[in-house]
Amino acid sequence: MGLIKEGKLVNDPFKNVSDCETVPAKGPVIVSIDQWMVRRDDLLKRSDLIGIWLKSDEHPETIAGDLAYLSLVALEFPSFRDGRAYSYARLLRDKYVFSGEIRAVGDVLLDQLHFMARSGFDAFEVESEDPLDAYNIAAADYSVWYQQTGDGRLSAAELRGKGIRR
Amino acid sequence: MYRYDEFDHKLVQERVQQFRHQVKRRLSGELTEDQFKPLRLMNGLYLQLHAYMLRVNVPYGAMTSRQMRKFAHVARTYDRGFGHFTTRQNIQYNWVKLEETPNLLAELAEVEVTGIQSSGNCVRNITSDHYAGRIKDELADPRVYCELLRQYTVLHPEFSFLPRKFKIAVTGSPKDRAAVALHDIGLRMHLNDSGKLGFEVLVGGGQGRTPVIAKTIREWLSPEHLMAYVEAILRVYNLNGRRDNIHKARIKIIVNQLGIDRYRELVDQEFDRIKGDVKGIPEAEIQRIKAYFAPPEYEELPDFTDKLSTLRLADKAFDLWMSSNVAEHKIRGYAIVNLTLKAPDRVPGDITATAMDAVADLADEYSLGEMRVNHRQNLVFVDVKQMDLHNLWQKLGPLELATPNLGQLTDMITCPGLDYCNLANARSIPVAQDINKHFVDVDRLIAIGDFTVNISGCMNACGHHHVGNVGILGVDKHGTEFFQLTLGGSSDEGASLGDRLGRALPQEEVPAAIEAIVDTYMDIREDDERFLDTYRRIGMVPFKEAVYGSADTKVVV
């Protein structure tokens, strides 16, 4: 298992705190939406970064008003077949204008890396013996996209419009 | 016709390369079958009863002779010398080997066709009117919007893992030849009150085990908002569609569950949010794509009808074919010719590599190198000079592509059934062949007129039995194949689902039942009334009595 961010294997500064654990005194944490609701005030008193973990049936709308306090939203793929997190990521970026980290967690299949990255994910928990190598192979899969999805990359139609050729 | 530019080519090559790597990982055991399955499905590769099956998209049913020759080459090199055209404007190969599929797909990519999203829980091949761009009653060429939608939906980052498959069909004509009401999204072009062209948007149609006629979600949508509106429908579906039960995961279920008004409200909220900036199809791009579908340079030809009349009088077989298989073209001196893949004894939709090559040559000689496949598993030459019709007919005959039965009882839709498919309960192909044996009299078939028979080997309804004038559904009863008949289905404008006739019949009784239905119809029809209209006027009772006898009419299994 490794965390990939900006194309690099990085140490995860965040600690996942499960619902039955106590929140440590210091350091960035990721908590469930339930814990956020319950311990919101305590968590805000700490000066460290806060992330929230959303399961695939937890719509980011629930935390839309709190996004200003959050540095990270982890979106869980319970199975790589469950595509709801792609829409959540797009809503977080486009509708709620969230600029923090959106992390892919759970059943993250790197064959879907491009779909995730183009939907707004920018960090990936990768299950592999060599996560960086697996990531690099997947990242090289595509260089052309038909859709404009707000991730800054230009679609084929936009490039054509600018007279750019491959 | 659309041609790939370097972007399209690059994307498809990258896709093939990615799949090559995935196949390698599967063969080495790095990927489990469970992980590999959705990856192969999104490239059109199924695992069937006896072998892998590859489904290849013919985008909105339009293809060139070069593509047809490649289909023939693939059939010879990677399959057993034939292919099968389906009801969704695809061609399927039934005997491919997993390790050979990357090379196969690379060969197809050379001629700009792919298996991308011909399966999987994603947006499938966009389908359309096979007469698009060539028919008088059309308001605008739907292929322009089909191509825009193709590019919009191919490898869509957000909508590649939907709850279930998603089918979109477009018609530019009030006469619906694309069965738009049986699609997850159906787009029907029409003019609004101020005379501006736009789309009626239908949503939530589909067949399968829960057939539903699509409902209108928007009466009129301006074309510049098409992508934004489709995106809103897809997003609402992606987030709200059921994922707990594969049989309840299609958009039709959630539309019915929420009600069309609530679904519309959700879509409109999302549409209002995104329509200002969605997205990405600049006007220049629309014009670029439109240019590809500009009409070919037609010759100034005289109307040839009179001379054809002479030929028709001289040759009854030619006359029959002209009445049945040839349609009017919007340009004087030209005609549209349907090549029926429905000869008796043949598997509907099947075509050999040799015939594919011959079709490609004929398309070059007689149809400006272009052809179509329709949703009833027939091919179409769209630009034939009237003066060439007689020659073309003579050449199609020996290829068994001139059976004069378009739209008639023997022009059956048939799924591959238990002969190939691991979902099927029953074999559909032998049923079609049995029916063919009972209806050999050409004059009788013409007298019967418009009459669709659609056969599915199981309730997944790939043979569109719900919308056949007569639908035939294969069911399994204690290990024996039985067939359930339905009457009154139609996929045209004013679409309707068939009603169940009565208890299921054993295979050997199906042709006699069809005979009884036909005889009853011929007795009670008024003037030239189509079977569908007679059924709608009179209802089920006389047909039920004809098939089961009057004592048996209340028995339903």
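Given the structure is predicted, the values throughout are model-derived calculations rather than measurements. (Residues numbered from 1 in each chain as written. Chains lettered and ligands numbered in written order. Predicted model: local features only at pLDDT ≥ 70, side-chain atom pairs only at ≥ 80, totals over all residues. Heavy atoms only, no water.)

A. Main features of the overall build of chain A. For chain A, the count of helices and strands is five helices and eight strands. When the helices and strands of chain A are read in sequence order from the N terminus, they spell out β-β-β-β-α-β-β-α-β-α-β-α-α. A globule of 166 residues ought to have a C-alpha radius of gyration of about 15 Å, and chain A, at 17 Å, matches this closely. For chain A, the C-alpha atoms occupy an extent of roughly 55 × 35 × 30 Å along the three principal directions. Residue burial in chain A is summarised as follows: out of 166 residues, 54% are buried. Restricting the contact set of chain A to residue pairs at least 6 apart, pairs at least 24 apart contribute 49%. If you average the places of the 21 positive and of the 27 negative side-chain charges in chain A, the two averages end up 7 Å apart. (Helix = DSSP H or I, 4+ residues; strand = E, 2+ residues; numbered from the N terminus. Rg over C-alpha atoms; globule rule 2.2 N^0.38 Å. Buried < 20%, exposed > 50% of the residue type's maximum accessible area, 1.4 Å probe, protein only. Contact = heavy atoms within 4.5 Å. Lys, Arg positive; Asp, Glu negative; His and termini not counted. Charge placed at Lys NZ, Arg CZ, Asp CG, Glu CD.)

B. Summary view of the confidence of the model for chain B. Of all residues in chain B, 98% attain a pLDDT of 70 or more, and the chain-wide mean is 95. Under a pLDDT of 50 for its full length, residues 553–557 of chain B has, in the predicted model, ten contacts with residues more than four places off or in other chains. (pLDDT = per-residue confidence, 0-100.)

C. A look at the domain arrangement of chain B. Residue and element names in this part refer to chain B. According to the domain assignment, chain B contains domain 1 (6–110), domain 2 (134–292), domain 3 (305–399) and domain 4 (413–552). Across the boundary between the two partners, domain 1 contributes eight residues, which contact twelve residues of domain 2. Each partner contributes to the roughly 840 Å² buried at the junction of domain 1 and domain 2, and carbon and sulfur atoms together form 67% of this total. The largest per-residue losses of area from domain 1 upon contact with domain 2 belong to Met42, Tyr60 and Arg88, which jointly make up 59% of the total buried on that side. Taken together, domain 1 and domain 2 are joined by one salt bridge. With its nearest N and O atoms 3.7 Å apart, the salt bridge here joins Asp8 to Arg150. Inspection of the domain 1/domain 2 interface yields one residue pair in polar contact (both at pLDDT 80 or more). In terms of residue class, the side of domain 1 that touches domain 2 is built from five nonpolar, no polar and three charged. (Domains from an automatic or database assignment. Buried area = accessible area lost by both parts, 1.4 Å probe. Salt bridge = Lys/Arg side-chain N within 4 Å of Asp/Glu carboxyl O. Polar contact = N/O pair within 3.5 Å; in protein donor to acceptor, adjacent residues only side chain to side chain. Nonpolar A, V, L, I, M, F, W, Y, C, P; charged D, E, K, R; others polar.)

D. Representation of the interface of chain B and chain A. Counting residues at the interface gives 42 residues for chain B and 37 residues for chain A. A buried area of about 3,700 Å², summed over both sides, lies between chain B and chain A, and 57% of it is on carbon and sulfur atoms. Along the contact surface separating chain B from chain A lie eight salt bridges. A salt bridge links B:Arg243 to A:Asp82; the nearest nitrogen and oxygen atoms lie 3.5 Å apart. The interface formed by chain B and chain A contains 21 residue pairs in polar contact (both at pLDDT 80 or more). Elements with a contribution of two residues or more to the side of chain B that touches chain A: helix H1 (6–28), helix H2 (33–41), helix H5 (142–153), helix H6 (226–240), helix H8 (260–274) and helix H9 (283–292) of chain B. Looking at the side of chain B that touches chain A, the element that brings in the most residues is H1(B), giving eleven residues. Of the residues belonging to the side of chain B that touches chain A, the class tally is 13 nonpolar, ten polar and 19 charged.

E. Here's a closer look at helix H17 (residues 531–538) of chain B. All names here are of chain B. Residues of H17 that are buried include every one of Phe531, Leu532, Thr534 and Tyr535, and no others. The arc that holds the buried residues of H17, viewed along the axis, is 165°, so those residues lie on one side. Buried-residue contacts for H17 involve strand S18 (470–477), strand S19 (480–487), strand S20 (499–500), helix H16 (510–524) and helix H18 (541–548). (Arc of directions from axis to C-beta.)

F. How the structure looks around the pattern of salt bridges. By the definition in use, this model includes 64 salt bridges over all chains. Where B:Arg69 meets B:Asp364, a salt bridge forms, and the shortest distance between an N and an O atom there is 2.7 Å. With B:Arg69 in helix H3 (residues 65–78) and B:Asp364 in helix H12 (residues 353–366), the pair connects residues that are 295 residues apart, well separated along the chain. Its salt-bridge partner being B:Arg264, residue B:Asp261 comes within 2.7 Å of it at the nearest N-O pair. Of this pair, B:Asp261 and B:Arg264 both sit in helix H8, three residues apart, roughly one helical turn. On the accessibility criterion, B:Asp261 (53% relative accessible area) is exposed. A single salt-bridge network, built from bridges that share partners, covers A:Arg90, A:Asp94, B:Glu158, B:Glu231, B:Arg235, B:Glu270 and B:Arg273.

G. Layout of unusual backbone geometry. Residue and element names in this part refer to chain B. If you check the backbone angles, Gln377 has positive phi at about 70° while not being a glycine. Within the element layout of this structure, Gln377 appears in the loop between strand S14 (370–373) and strand S15 (379–385). Residue class for Gln377 comes out buried when judged on its relative accessible area of 1%. Although it is not a glycine, Ala461 adopts a positive phi angle of roughly 70°. Here Ala461 is to be found in the loop between strand S17 (453–456) and S18. Taking the relative accessible area as the measure of exposure, Ala461 reaches 3% and is therefore buried.

H. Geometry of H16(B). Here H16(B) is 15 residues long and its end C-alpha atoms lie 21 Å apart, about the 21 Å a rise of 1.5 Å per residue gives. Residues of H16(B) that are buried include every one of B:Val510, B:Pro511, B:Ala513, B:Ile514, B:Glu515, B:Ala516, B:Ile517, B:Val518, B:Thr520 and B:Tyr521, and no others. (Expected span 1.5 Å × (residues − 1).)

I. Expanded view of the sheet that holds strand S6 (residues 127–128) of chain B. Residues and elements named next belong to chain B. Taken in spatial order, the five strands of this open sheet run S6-S7-S8-S9-S10, and their pairing is mixed. Edge strands, defined here as strands with exactly one partner in the open sheet, are S6 and strand S10 (215–221). Sheet strands touched by H6: strand S7 (168–171), strand S8 (185–191), strand S9 (197–203) and S10. Its angle to S10, the strand with the most contacts, is close to 155°. Its contacts with the sheet put H8 on S9 and S10, and the angle it makes with S10 is roughly 40°. (Pairing = 2+ DSSP bridges. Axes fitted to C-alpha atoms, helices over the stretch in contact; angles between N-to-C directions.)

J. Representation of the side chain of B:Gln117 in the model. All names here are of chain B. Relative to the elements of secondary structure, Gln117 occurs in the loop between helix H4 (101–110) and S6. For Gln117, a relative accessible area of 3% corresponds to the buried category. Separated by 2.6 Å, the side chain of Gln117 and the backbone nitrogen of Leu155 make a polar contact. Every residue in contact with Gln117, bar those within four places of it in the chain, is listed here: Met42, Asn57, Cys122, Val123, Arg124, Asn125, Thr153, Val154, Leu155, His156 and Ser160.

K. The arrangement of the nonpolar core in detail. Residue and element names in this part refer to chain B. One finds Phe71 and Ile233 to be the most contacted residues of the largest nonpolar core, which totals 163 residues. Ranked by residue count, the leading element in this core is H6, at eleven residues. Not counting the four nearest positions on each side in its chain, Ile233 is found in contact with Phe166, Ile185, Val201, Val203, Ile217, Ile251, Tyr263 and Val267. One finds Leu409, Phe439, Ile448 and Phe483 within the second-largest nonpolar core, a separate group that totals 32 residues. (Core = buried A, V, L, I, M, F, W, Y, C linked by side-chain atoms within 4.5 Å.)

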